[in-house]
Amino acid sequence: MHTSVQLLPEEAISTAEPSGHGKVAAWVYSEAFVPEDEVLLRARERASELGCPAVLPGVGAVLRVLAAATNAHAVVEVGTGAGVAALWLLRGMPLDGQLTTIDREVEHQRAARTAFAEDRVAPQRTRIIPGRPGDVLPRLADGAYDLVLVASDPLGYPEYVNEALRLLRPGGVLAVDGALLRDRVADPARRDELTTVVREVGRTLRNDERVLPAMLPSGDGLLLAVRR
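Since we're looking at a predicted model, the values are computed, not measured.

Criteria and cut-off values
- Residues numbered from 1 in each chain as written.
- Predicted model: local features only at pLDDT ≥ 70, side-chain atom pairs only at ≥ 80, totals over all residues.
- Heavy atoms only, no water.
- Helix = DSSP H or I, 4+ residues; strand = E, 2+ residues; numbered from the N terminus.
- Buried < 20%, exposed > 50% of the residue type's maximum accessible area, 1.4 Å probe, protein only.
- Contact = heavy atoms within 4.5 Å.
- Areas by Shrake-Rupley, 256 points an atom, 1.4 Å probe, with all protein chains shown as cover.
- Lys, Arg positive; Asp, Glu negative; His and termini not counted.
- Charge placed at Lys NZ, Arg CZ, Asp CG, Glu CD.
- Pairing = 2+ DSSP bridges.
- Axes fitted to C-alpha atoms, helices over the stretch in contact; angles between N-to-C directions.
- Salt bridge = Lys/Arg side-chain N within 4 Å of Asp/Glu carboxyl O.
- Phe/Tyr/Trp six-rings, centres within 6.5 Å; stacked < 30°, edge-to-face > 60°.
- Core = buried A, V, L, I, M, F, W, Y, C linked by side-chain atoms within 4.5 Å.
- Parallel < 35°, antiparallel > 145°, perpendicular 65-115°, else oblique.

**Concerning the overall build of the protein chain**
From N to C terminus, the protein chain includes nine helices and nine strands. Summarising its shape, the C-alpha atoms of the protein chain cover approximately 45 × 40 × 30 Å along the three principal directions. Considering the protein chain as a whole, with its 228 residues, one finds that 54% of them fall into the buried category. Put simply, 70% of the contacts in the protein chain that link residues at least 6 apart link residues at least 24 apart. Accessible surface, the protein chain: about 11,000 Å² in total, of which carbon and sulfur atoms supply 53%. In the protein chain, 26 positive and 31 negative side-chain charges are present, and the distance between their average locations comes to 4 Å.

**Overview of the sheet that holds strand 6 (residues 145-150)**
Strand order in the open sheet formed by seven strands is 5-4-3-6-7-9-8, with mixed pairing between adjacent strands. Looking at the sheet topology across the chains shown, the edges are occupied by strand 5 (126-130) and strand 8 (211-216). If you compare each strand with its neighbour and ignore which way they point, the axes differ by 15° on average. Relative to strand 9 (residues 222-227), strand 8 runs antiparallel, the two sharing six bridges. Residue pairing for strand 9: Val211 is matched across the bridge by Arg227. Contacting strand 4 (98-103) and strand 5, helix 6 (residues 106-118) runs over the sheet at an angle of about 165° to strand 5. Running at roughly 30° to strand 9, helix 9 (residues 193-206) makes contact with strand 7 (168-177), strand 8 and strand 9 of the sheet.

**What to know about the pattern of salt bridges**
Tallying each qualifying case throughout the model produces 15 salt bridges. The partner of Arg104 in a salt bridge is Asp153, with the nearest N and O atoms 3.5 Å apart. Taken together, the residues Arg104 in the loop between strand 4 and helix 6 and Asp153 in the loop between strand 6 and helix 8 (157-167) connect sequence positions 49 residues apart. Under the relative-accessibility criterion, Asp153 is labelled partly exposed at 31%. Across the salt bridge formed by Arg190 and Asp192, the nearest N and O atoms sit 3.7 Å from each other. Judged by its relative accessible area of 33%, Arg190 falls in the partly exposed class.

**What to know about the packing of aromatic side chains**
Geometry of an aromatic ring pair is reported as the spacing of the ring centres plus the angle between the planes. Inspection of the entire model under this criterion finds one aromatic pair. Ring geometry for Tyr29 and Phe33: centres 6.0 Å apart, planes at 55°, overall tilted. For the residue pair Tyr29 and Phe33, the accessibility class agrees, reading exposed in each case.

**Thoughts on the nonpolar core**
Formed by 33 residues in total, the largest nonpolar core has its most connected members in Leu89, Met93, Phe116 and Leu147. Among the secondary structure elements, those contributing two or more residues to this core are helix 3 (38-50), helix 4 (57-69), helix 5 (84-92), helix 6, strand 6, strand 7 and strand 9. Here this core takes seven residues from helix 5, the largest share from any one element. Those residues within four positions of Leu147 in sequence are excluded, and the remaining contacts are Leu66, Ala67, Thr70, Ala72, Ala74, Val75, Val76, Leu89, Leu168 and Val173. Residues Ala74, Leu140, Leu165 and Val185 belong to the second largest nonpolar core, which totals 29 residues.

**Thoughts on unusual backbone geometry**
Of note, Arg120 is a non-glycine position whose phi angle comes to about 55°, a positive value. Summarising the element assignment, Arg120 is placed in the loop between helix 6 and strand 5. Judged by relative accessible area, which is 79%, Arg120 ranks as exposed.

**Remarks on the packing of helix 3 against helix 6**
In the contact formed by helix 3 and helix 6, the axes pass within 10 Å of each other and the chain directions differ by 170°. If you check the angle between helix 3 and helix 6, you find them roughly antiparallel. Along the contact surface, helix 3 presents Val39, Arg42, Ala43, Arg46 and Leu50, while helix 6 presents Glu107, His108, Ala111, Thr114, Ala115 and Glu118.

**Describing the pairing of strand 3 (residues 74-78)**
A large share of strand 3 lies buried, amounting to five of its five residues. Burial along strand 3 is two-sided: the face carrying Ala74, Val76 and Val78 and the face carrying Val75 and Glu77 are both buried. By the bridge criterion, five bridges tie strand 3 to strand 4 in an arrangement that is parallel. Its bridge partner being in strand 4, Val75 is matched across the sheet by Leu99. Sheet analysis places strand 3 next to strand 6, joined by four bridges and oriented parallel. Looking across to strand 6, one finds that Val76 is bridged to Val148.

In short, the description is geometric, and any link to function would need to be established separately.
Put into structure tokens, the structure is as follows:
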């Protein structure tokens with residue numbers, strides 16, 4: 001049983017809260033609605049120390065729900081980080097499910113292993129692959145996965161999303177974290193490379209007849225798409 005110990009870390013709120021004072025209180029409430037326990041908070045702290053991204057609690061809670069709702073036995077995560085998103089996913093997956101997680105930074109994956117051990121995750125439930133996602137994803141089987149999370153290296157999102165659509169079974173779910181990029185995506189005046197790439201990923205999925213898309217304001221924006 002996971003014990004709740006506190007709400008959303010203040011530093012996460014200050015760096016990721018949406019603009020517009022009328023929406024901030026509701027966003028903060030939503031992010032803290034499912035509190036993180038000590039294991040998640042320690043994993044988040046390690047992520048901060050390593051300087052690697054970590055999904056915010058609101059996104060984590062959504063990922064757990066998605067994993068449970070799809071009965072996700074096979075999940076792919078692009079961007080292991082320190083294991084924050086993976087912990088949320090594993091808590092929603094069935095005990096005989098397996099998470100394949102990819103990260104080019106071995107140090108990040110060592111931190112994730114620590115988090116998994118603290119949460120008593122059975123070793124067979126994770127497949128931790130070091131390497132560039134662009135090199136690893138093409139080696140994974142077509143239509144064999146229930147859920148794919150893309151949560152690292154936004155400039156690589158177009159490539160990773162394209163691979164994810166190949167990996168997903170019909171009814172499988174794609175989740176793309178950071179899809180609003182701290183309100184930059186919604187601002188048409190922002191045309192820098194990073195914003196343009198992330199914005200175009202959303203537009204492409206919105207117009208792709210192979211999926212049913214939705215954009216959630218959780219965290220820094222969570223773009224979802226269900227494979228037809």
